[in-house]
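# Reading the structure
This is what each chain is made of:
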Amino acid sequence: MANFTTRILILKADMPEWWPILLGMLVLYAPTFYDLFNGLWATEEQMHGPVILALSIWLIYRLWPRMMEKSAGKPTAAAGWLVFVIALVLYIIGRSQQIMLFEMSSFIWMIAAILLIKRGSSALKVMWFPLFFLLFMIPLPGTVVIVLTMPMKMAVSYVTEQILYWADYPISRNGVILQIGQYQLLVADACAGLQTLLTLESLGLFYLNVVRHTSVFRNVVLAILIVPISFAANVIRVITLTLITYYFGDEAGQGFLHGFA
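Below you will find a few notes about this structure. (Residues numbered from 1 in each chain as written. Predicted model: local features only at pLDDT ≥ 70, side-chain atom pairs only at ≥ 80, totals over all residues. Heavy atoms only, no water.)

### A short note on the nonpolar core
Judged by nonpolar contacts, the single largest core of 41 residues is most densely connected at Phe33, Met67, Phe107, Leu115, Leu134 and Met137. At the level of secondary structure, the elements contributing two or more residues to this core comprise helix H1 (2-37), helix H2 (49-70), helix H3 (79-97), helix H4 (100-119), helix H5 (121-126), helix H6 (128-134) and helix H8 (194-211). Take this core: its biggest share by element is ten residues, from H4. Setting aside chain neighbours within four positions, we find Met137 in contact with Phe33, Trp41, Gly49, Ile52, Leu53, Met104 and Phe107. The next biggest cluster of nonpolar side chains, apart from the first, holds 13 residues, and it includes Leu164, Tyr169, Val176 and Tyr183. (Core = buried A, V, L, I, M, F, W, Y, C linked by side-chain atoms within 4.5 Å. Buried < 20%, exposed > 50% of the residue type's maximum accessible area, 1.4 Å probe, protein only. Helix = DSSP H or I, 4+ residues; strand = E, 2+ residues; numbered from the N terminus. Contact = heavy atoms within 4.5 Å.)

Shown next as structure tokens:
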């Protein structure tokens, strides 16, 4: 409770200095986030975006007193203006050409520029993780998604086939198409688990940052284990949908239970 009160008092003391900047950021990026909430973030693949943004804002709030303390009396960084120009160029190109990758990236660059200009490199060192964490809300380019998704779909299909074959189910596979009984199932991009992997990895890193366990080995192992956990979760999902289709028909497999799984 004392820490919360201290943060509120510090924020109140800092507001006269920072509110014009916050107002400027709001004017600049409100249209961007409005488009995201009504577009990209409304899709199943990118629903983690608002969560990442909210957690990043909370991390910044949490680290604010430490940032102000560490950067007190420190010189501002002239490089901040260069970063500011980069952020502005990315925003202009992204907004005018509807390139969301540039537009969202500019938001991170802009925060970094403001911290450098106002409080120097010391502030950026304190706030590095919230800025890094914001990267997870930026959607990957389509070409990268295609390159990563196909091997993951093949792997999920192969493991699903092997497990069900071992369990004596009449199943075969042709690429990413599973044949079980009289039914054919296509392992779609969503079943590859790329977005699940990115979401779980980001939340895992968030957990590690908040807990700050002293064991580096433990933290590294947990971060690495998120990858096989995500893969196993998607294999279980595909197996579940395959068995639902086998026992209850294609309509059941593609209906409510598909989304629920």
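### Brief notes about the packing of aromatic side chains
The full count for this structure, using the stated rule, is 17 aromatic pairs. Judged by centre distance (5.1 Å) and plane angle (85 degrees), the rings of Phe33 and Phe107 are edge-to-face. Separated by 74 residues along the polypeptide, Phe33 in helix H1 and Phe107 in helix H4 bring together distant segments of the chain. Given a relative accessible area of 12%, Phe107 falls into the buried group. Taking the centre distance of 5.1 Å and the plane angle of 75 degrees together, the rings of Tyr246 and Tyr247 count as edge-to-face. Aromatic rings pair up to connect Trp58, Trp128, Phe129, Phe132, Phe133, Phe136 and Phe206 into one cluster. (Phe/Tyr/Trp six-rings, centres within 6.5 Å; stacked < 30°, edge-to-face > 60°.)

### Quick word on the side chain of Ser71
Inspection of the secondary structure puts Ser71 in the loop between H2 and H3. There is a polar contact of 2.7 Å between the side chain of Ser71 and the backbone oxygen of Met67. (Polar contact = N/O pair within 3.5 Å; in protein donor to acceptor, adjacent residues only side chain to side chain.)

### Observations concerning the environment of Asn234
Of note, Asn234 is situated in helix H9 (residues 216-248). Residue Asn234 is classed as buried on the basis of its relative accessible area of 3%. Through-space distance from the C-alpha of Asn234 to that of Thr160 is 9.7 Å; in sequence the pair is 74 residues apart. Polar contacts involving the side chain of Asn234 include one to the main-chain carbonyl oxygen of Ser230, which spans 3.0 Å.

Shape is all these values report; function is a separate question.
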